[in-house]
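The lines below spell out each chain.
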6 protein chains.
Amino acid sequence: MSTPRITLVNPNSLVKVTEAIERAVAPYARLPLEFRCLTSSEGPAGIQTQAEADASIAPMARLFLREAAATDAFVVACFSDPGLHGLRDLVAAPVLGIGECSVLTAMSIATRIGVIAIAGASIPRHLRYFRAMGVADRICGELALNMKVSDLADPQQAFLRMEEVGKTLRDAHGADVLIMGCAGMADLRERLEDACGLPVVEPTQAAVAMAAGRIFSRS
Amino acid sequence: MSTPRITLVNPNSLVKVTEAIERAVAPYARLPLEFRCLTSSEGPAGIQTQAEADASIAPMARLFLREAAATDAFVVACFSDPGLHGLRDLVAAPVLGIGECSVLTAMSIATRIGVIAIAGASIPRHLRYFRAMGVADRICGELALNMKVSDLADPQQAFLRMEEVGKTLRDAHGADVLIMGCAGMADLRERLEDACGLPVVEPTQAAVAMAAGRIFSRS
Amino acid sequence: MSTPRITLVNPNSLVKVTEAIERAVAPYARLPLEFRCLTSSEGPAGIQTQAEADASIAPMARLFLREAAATDAFVVACFSDPGLHGLRDLVAAPVLGIGECSVLTAMSIATRIGVIAIAGASIPRHLRYFRAMGVADRICGELALNMKVSDLADPQQAFLRMEEVGKTLRDAHGADVLIMGCAGMADLRERLEDACGLPVVEPTQAAVAMAAGRIFSRS
Amino acid sequence: MSTPRITLVNPNSLVKVTEAIERAVAPYARLPLEFRCLTSSEGPAGIQTQAEADASIAPMARLFLREAAATDAFVVACFSDPGLHGLRDLVAAPVLGIGECSVLTAMSIATRIGVIAIAGASIPRHLRYFRAMGVADRICGELALNMKVSDLADPQQAFLRMEEVGKTLRDAHGADVLIMGCAGMADLRERLEDACGLPVVEPTQAAVAMAAGRIFSRS
Amino acid sequence: MSTPRITLVNPNSLVKVTEAIERAVAPYARLPLEFRCLTSSEGPAGIQTQAEADASIAPMARLFLREAAATDAFVVACFSDPGLHGLRDLVAAPVLGIGECSVLTAMSIATRIGVIAIAGASIPRHLRYFRAMGVADRICGELALNMKVSDLADPQQAFLRMEEVGKTLRDAHGADVLIMGCAGMADLRERLEDACGLPVVEPTQAAVAMAAGRIFSRS
Amino acid sequence: MSTPRITLVNPNSLVKVTEAIERAVAPYARLPLEFRCLTSSEGPAGIQTQAEADASIAPMARLFLREAAATDAFVVACFSDPGLHGLRDLVAAPVLGIGECSVLTAMSIATRIGVIAIAGASIPRHLRYFRAMGVADRICGELALNMKVSDLADPQQAFLRMEEVGKTLRDAHGADVLIMGCAGMADLRERLEDACGLPVVEPTQAAVAMAAGRIFSRS
């Protein structure tokens, strides 16, 4: 049997984000899996609004169809899981969304989940999604970093703000587990866990574990 | 003040459906409104799967941008409300979805809502949507016609099956109001109401009323 | 066909409130509808407690029966919708409640609804009602003006307090749409919208739009 | 200390129902309590519709005010608990509703509650009430006897139909506890329990126990 | 008929807590009931974590079996109701939990319930329990005293902290009824009620009332 | 780095069940993990009632403490996840429950989850658990095999009954994914999937995937 391949698709066109996704899956290198991280180069330059999320679906669908023959499981690597259910209709392989998997994984860790969003504008969209999933009662709070793009690009500033938001979710909202509400921040997961004293779920890693389960439980 | 315009967009490319939408709004001809019913000619040939719903968004977005300057309120005329929240980010005018408005209107009529879907494959998608809206508790059941396309094209056969499904929703699920779960069946609304002895909400009509409210309460 | 009539009933005996209801429907003057705003003169002098809401039902029922023959749709013009479901049993015409319609309308505008109540004592009653409607998950917060009657009578003081409460709902509770939780404050709607930067739903206007929909979709 | 008095009010004018309520409290004769069962003689002749429930409130409120000085706890003895929250605003003594107490008591017995209603028309009203209480998830089904009044008057016919409905709730809906959804059927409780092999909650008895708790925990 | 006996079991081994439970039932001395308050001497020395709650079940089960023949109703006298459903499988008599009964009783008093916990670590466990009961929507907040054991042992310090937490639940969370979230604090109930101006439910007393109801409605 | 070890504990004393658990994890043999499947030999001979589930916790806790030093992740291999949250308090390694993980995994596959239970008596317990997890809305139905133990021991008879129940969940309840509601039936998973035309989640496999995720995302 050949090595199964998990194809992770970054639905926005930023190669930097795809590189961060590659770093997120690095700890899984010991698994007998091949990880292929792709940029949806015709996608939007970033996904903050619902319109951007929607606009990312069509190019991603084309990319899925191209990769389907050589893929054992797909991962949609954007926290809003754009097109997740529709993409499942398009290909035979399992399709996992990092937003969905991060919540499901956090649910297996602790009772009250706090979510750290990048931008406040995403929160109503996430809320509708948590409700659609039927898990909104498990989310005790979601707060946004709401940083200027330039500040967000500085890892140290980003981390300090993330720590601040994580502690507020812990102390004022009662969170006993945190989710990083976007792809590409895996580098900061462990530090955030230490700073907040709470387990922190990195969404891409959560999705890869569930994708691996789907692959090996079938073999 | 000029006559306000409501632009109704059929997100699939079937002109026949757009014509049925035009008939649905006919009773509102007495209102001081102009109704513009458009076909999203680059959209899919029909919307049954989630993938088709998603694929309809991008062409519809282009159409919205073209019509925005001359539109006082938009109506997305497909029961799955594809792209609804994202389209609201794109244009300044109110954007109403016929799925959302039909449920909200039914909620103002009676307690337990039964939904008649065209195809069984749409039911999980509708269920996720009702949950995202936070109204799933009000839906006592959704059943599909599940007819062959050829049979569905025959109005008499379609009506008989619709009546059968409506009565099952009433008798086995306790529905005291019904929703026609797709655009373009307004012609049958009154007959269905008589046959089942229950109020029946036609989604496009529900959306037009709420769009009119948004327009006139601002003027 | 004669002009359809919507009868709006103020269930309390304050003529001043009925006059404010008349001003609330003024923007709809362009519609081919007659608006008849009536005071339930045997009702209580105001409705803050549940007991007052209950006491308003019997006189309102008599008024409905008197007006039924000449009415195409009724509106119960009190945010607690006293007697709504029972009144629907009494008359053949549609009966809309301004509380119910305001929530349904807000649900078609944005995701998280903030409600501005006059008195804190009404909040548990509203909460029970939102739950009975099955929409409590959509309400992100309800806060009361809690002003002395004399201060409330001063439009400028009332507005300033309303603005303060609206901004708290927006900033601390995440509201992206506001509802004025009582009849008779339509004069302040537009100003409040500007001050808070959020859409504001005036309940009587919401109910009139839905009543018009019921009338015209049948004609 | 004198013997505390629980005043039970039948909100309809049927003395026969009040007599059945008296028989329901008979098992509690061993408690150091006085039970006063009153007929709201100005109330409607029966309560099936929401309009009848609403119409019963005003006369009941007058009766409560007359009895308040000599009452240590009130019980509203109609399954729809008409006016419950408003009556609590009127008098200082605790006010218990038999509908509410029957559900709360059933919740302490088993997981899935089946409700036997007299008339199907009451079911949507009960459903709204269960939702307002926040307990709708615990109700696995509600079914109505839907008998002709003449047949209902025959205890043997009523019992047989009740047994049939109880067994359907058990077998098709999974009920592991049943509630008799109206006052005045206490005579049949034990037989129904034996016939269905499930615990059966009689609402008036449930309310008396909770009323006694309120009285004695204060003394 | 002999005097029915209610057996209350303190699942932890602290005799001091059992003595406080005895004081909690003192107001019920006027009822024709015998109260037997037992210490589960093989239980843990206290129940704060889920592991301690679980560890208390086996010794309690043995105690139940020993007492079953002479008991008409059991009360599990720990707010987490350890083993409640399983104990119901073991004995024929009704088994009531003080946690469950306190919530059900509070639900019959007011709309928004605030819970005062001893330790923050218990809150997620309580939350899971409220959800399992299907009543989480009624709990507007739960806050912990989070005191050092030595401070908690001082009744005056404990009361002051309890008052502070109760007022926060009232003012910041909207509570209109409070529950003391542990056994053995009945002595402070009345004072807390006066200090906060809200009804306060003592869990053991709530359970005894419901147990008495179960006993007498059968006799 | 040495090979991480996942310790799976069968909380009942039946070695046959432990052997079936070993077969369930066989497909994961390709992962760089050691699987240690243990029988809790002091546990009950089977877990059907809540009392049996509770009785299994104390011996399992002792076993966990003995294995903690040599374990990287634990799996509680009984669908009711007895003691899950308490065991998490006892050991530092992640503790996964097969019931919880099976639901979370099914949630990542399709919208409406059907559960196949062995015995009807388990269904209320499962229901309380699904509610505690906050996922009850995702479960469209749970039905029991309800077979005699002798028939259940015959794999062919067990399979035929399982297929029948699976198809009822699919056709009458709308399930689009099934869960095998107990440990030790992995041998039948693939056949059941083929027979019903739906994905089938085997709980132990679901838990192993999530346990592996927890281990590798940390390394």
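Quick summary incoming for the structure in this document. None of the values given here were measured: they were computed from a predicted structure.

1. Let's talk about the interface of chain E and chain C
Contacts between chain E and chain C engage 5 residues on the former and 5 residues on the latter. The largest contributions to the chain E side of the interface with chain C come from E:T111, E:R112 and E:D137, which together make up 84% of the buried area. Here chain E and chain C share 0 salt bridges between them. The tally of links between chain E and chain C comes to 2 residue pairs in polar contact (both at pLDDT 80 or more).

2. As for the relation of the copies chain E and chain C
Applying a rotation about an axis and a shift along it to one chain copy brings it onto the other copy. When chain E is brought onto chain C, the operation consists of a screw motion whose angular component is 120° and whose axial shift is 0.0 Å, with 0.0 Å RMSD remaining. Classification of the inter-copy transformation places it as that of a three-fold axis. Proximity to the rotation axis, assessed at the C-alpha, singles out E:D137 in chain E; its C-alpha lies 5.5 Å from the axis.

3. Structural notes on the interface of chain A and chain F
Facing the 35 residues of chain A at the interface are 35 residues of chain F. Buried surface at the junction of chain A and chain F, summed over both partners, amounts to about 3,000 Å²; 54% is from carbon and sulfur atoms. In this structure, the connection of chain A to chain F is made through 2 salt bridges. Measuring nitrogen to oxygen at the nearest pair gives 2.6 Å for the salt bridge that ties A:R218 to F:E193. Applying the counting rule to chain A against chain F returns 8 residue pairs in polar contact (both at pLDDT 80 or more). Sorting the residues of the side of chain A that touches chain F by element identifies α4 (84-90), β4 (95-97), α5 (98-107), α9 (189-196) and α10 (203-216) of chain A as the ones contributing at least two each.

4. A closer look at the sheet that holds strand β2 (residues 34-39) of chain F
All names here are of chain F. In space, the 4 strands of this open sheet follow the order β2-β1-β3-β4, with parallel pairing throughout. Edge positions in the sheet fall to β2 and β4 (95-97), since each of these pairs with one other strand and no more. Taken over all neighbouring pairs, the strand axes of this sheet differ in orientation by 20° on average, direction set aside. Relative to β2, strand β1 (residues 5-10) runs parallel, the two sharing 6 bridges. Within β2, the residue paired with N10 across the bridge is T39. Those strands touched by helix α3 (residues 57-67) are β1, β2, β3 (73-76) and β4, and its axis lies near 165° from that of β1.

5. Some thoughts on helix α6 (residues 122-133) of chain D
Residue and element names in this part refer to chain D. Along its 12 residues, α6 runs 16 Å from first to last C-alpha, staying within 8% of the 16 Å computed at 1.5 Å per residue. The element α6 is largely enclosed, with a buried count of 11 among its 12 residues. Among all positions of α6, only S122, I123, P124, R125, H126, R128, Y129, F130, R131, A132 and M133 are buried. Once α6 finishes, G134 follows within two positions and takes phi at roughly 80°, a positive value.

Analysis parameters
Residues numbered from 1 in each chain as written. Chains lettered and ligands numbered in written order. Predicted model: local features only at pLDDT ≥ 70, side-chain atom pairs only at ≥ 80, totals over all residues. Heavy atoms only, no water. Contact = heavy atoms within 4.5 Å. Buried area = accessible area lost by both parts, 1.4 Å probe. Salt bridge = Lys/Arg side-chain N within 4 Å of Asp/Glu carboxyl O. Polar contact = N/O pair within 3.5 Å; in protein donor to acceptor, adjacent residues only side chain to side chain. Least-squares fit on C-alpha atoms with pLDDT ≥ 70 in both. Helix = DSSP H or I, 4+ residues; strand = E, 2+ residues; numbered from the N terminus. Pairing = 2+ DSSP bridges. Axes fitted to C-alpha atoms, helices over the stretch in contact; angles between N-to-C directions. Expected span 1.5 Å × (residues − 1). Buried < 20%, exposed > 50% of the residue type's maximum accessible area, 1.4 Å probe, protein only.

Everything listed here is a matter of geometry and, on its own, says nothing about what the molecule does.
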